[in-house]
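These are the residues of each chain, in order.
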Amino acid sequence: MMKGIVMTTLFILTIFLTVLLAHNWQGLDSEQQAFVELAAYIEDKKKNVLDEGTDSENVKTVDNKGKIEDKEAKILPEYHELALKNPDFAGWIVIDDTAINYPIMQTPKELEYYLHRDFKGKASYAGTPFVGRGNLQEKRDLFLYGHNMRNGTMFADLCKYADEDFYREHKTIRFDTLSGFGEYEIVAAFKT
């Protein structure tokens, strides 16, 4: 009798854990799909800007209290709509031939706000890459954070830099801020 209860309990626990894991994987897939759609949107905007020659412009954003604020800085046209959707949007990072193609967020008052939040600020296991310490306007001593996800998303592809051939072929990281394009050469990569 006791053996039957234990087996039934283990069976129910196994089903519960399987459903929970499937739900988490499905959630990660939908979160990643949202980033893929954002990346496609940005690529499309960049093509349109090249075709139309649109200039940067000031942007009005809505802060998290619903107040409209006018940002003084000029914002690149391809990032204008995303800056309107989320005032924490600070830039975009891309490394060719990797999954790294993400918005970068910045919340100076709560640095790790996007550690487990998506672009819209909703709960997210994978989070959204964000600026930790540093000032985007000064562009020095800047620290970007993102998870190393087992499913190969977020910053997991940075581990590819352990391969010297990969490093030689992918020395450049493109990181745009809202007001300008940036390319950075990787001089070292290491795990901590």
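Please refer to the structure placed before this passage.
Our subject in this report is the structure included herewith. As the structure is a computational prediction, the values presented were derived from the model and not from experiment.

Cut-offs applied
- Residues numbered from 1 in each chain as written.
- Predicted model: local features only at pLDDT ≥ 70, side-chain atom pairs only at ≥ 80, totals over all residues.
- Heavy atoms only, no water.
- Helix = DSSP H or I, 4+ residues; strand = E, 2+ residues; numbered from the N terminus.
- Buried < 20%, exposed > 50% of the residue type's maximum accessible area, 1.4 Å probe, protein only.
- Contact = heavy atoms within 4.5 Å.
- Areas by Shrake-Rupley, 256 points an atom, 1.4 Å probe, with all protein chains shown as cover.
- Salt bridge = Lys/Arg side-chain N within 4 Å of Asp/Glu carboxyl O.
- Core = buried A, V, L, I, M, F, W, Y, C linked by side-chain atoms within 4.5 Å.
- Pairing = 2+ DSSP bridges.
- Polar contact = N/O pair within 3.5 Å; in protein donor to acceptor, adjacent residues only side chain to side chain.
- Phe/Tyr/Trp six-rings, centres within 6.5 Å; stacked < 30°, edge-to-face > 60°.

**Focus on the overall build of the chain**
Step number 1: On a plain count of helices and strands, the chain comes out with three helices and eight strands.
Step number 2: Secondary structure elements of the chain, listed N to C terminal, follow the sequence α-β-β-α-β-β-β-β-α-β-β.
Step number 3: Looking at the chain as a whole, 35% of its 192 residues qualify as buried.
Step number 4: The long-range share in the chain, meaning contacts at least 24 apart out of those at least 6 apart in sequence, stands at 46%.
Step number 5: Here the chain has roughly 12,800 Å² of accessible surface; of this, 55% comes from carbon and sulfur atoms.

**Focus: the environment of Cys-159**
Step number 1: Of note, Cys-159 is situated in the loop between β6 (144-145) and α3 (164-169).
Step number 2: Between the alpha carbons of Cys-159 and Ala-189 there is a distance of 8.6 Å; along the sequence they are 30 residues apart.
Step number 3: Aside from chain neighbours lying at most four places away, what touches Cys-159 is Asn-148 and Lys-191.

**A few points about the pattern of salt bridges**
Step number 1: One pass over the structure, following the stated rule, counts four salt bridges.
Step number 2: Measuring nitrogen to oxygen at the nearest pair gives 2.9 Å for the salt bridge that ties Arg-168 to Asp-165. One end of the pair, Arg-168, and the other, Asp-165, are both in helix α3, three residues apart, so they sit about a helical turn from each other.
Step number 3: Judged by its relative accessible area of 47%, Arg-168 falls in the partly exposed class.
Step number 4: On the accessibility criterion, Asp-165 (43% relative accessible area) is partly exposed.

**Quick look at the nonpolar core**
Step number 1: Counting residues in each nonpolar core, the largest one holds 32 residues, and the members touching the most others are Tyr-79, Leu-82, Phe-89, Trp-92 and Ile-93.
Step number 2: Counting only elements with at least two residues in this core, the list comes to α1 (2-52), α2 (77-85), β3 (89-94), β4 (101-105), β5 (130-131) and β7 (172-177).
Step number 3: What Ile-93 contacts, discounting residues up to four positions off in sequence, is Ile-100, Asn-101, Tyr-102, Ile-104, Leu-144, Phe-155, Ile-173, Arg-174 and Phe-175.

**Examining the pairing of β4**
Step number 1: Extensive coverage of β4 is indicated by the burial of four of its five residues.
Step number 2: Inspection of the sheet shows β3 paired to β4 by five bridges, in the antiparallel sense. Its bridge partner being in β4, Ile-93 is matched across the sheet by Tyr-102.
Step number 3: Counted along the chain from β3 to the antiparallel partner β4, the turn is six residues long, and its residue Asp-97 has a positive phi close to 60°.

**Comments concerning the side chain of Thr-153**
Step number 1: With respect to the secondary-structure elements, Thr-153 resides in the loop between β6 and α3.
Step number 2: Within the local environment of Thr-153, its side chain forms a polar contact with the side chain of Asn-151, the two groups lying 2.6 Å apart.
Step number 3: Setting aside anything within four residues of it in sequence, one finds Thr-153 in contact with Gln-32, Tyr-102 and His-147.

**A short note on the packing of aromatic side chains**
Step number 1: The full count for this structure, using the stated rule, is six aromatic pairs.
Step number 2: Measuring from centroid to centroid gives 6.0 Å for Phe-89 and Phe-119, while their planes differ by 70°, and the two rings are edge-to-face. Of this pair, Phe-89 sits in strand β3 while Phe-119 sits in the loop between β4 and β5, placing them 30 residues apart in sequence. By the burial criterion, Phe-89 is buried, and Phe-119 matches it.

**Thoughts on unusual backbone geometry**
Step number 1: Despite not being glycine, Asp-97 shows a phi value in the positive range, around 60°.
Step number 2: Within the secondary structure, Asp-97 sits in the loop between β3 and β4.
Step number 3: Look at Asp-97 and you get exposed, because its relative accessible area is 61%.
Step number 4: In the Ramachandran plot, Met-154 falls in the positive-phi region, its phi being about 55° despite a non-glycine side chain.
Step number 5: By secondary structure assignment, the location of Met-154 is in the loop between β6 and α3.

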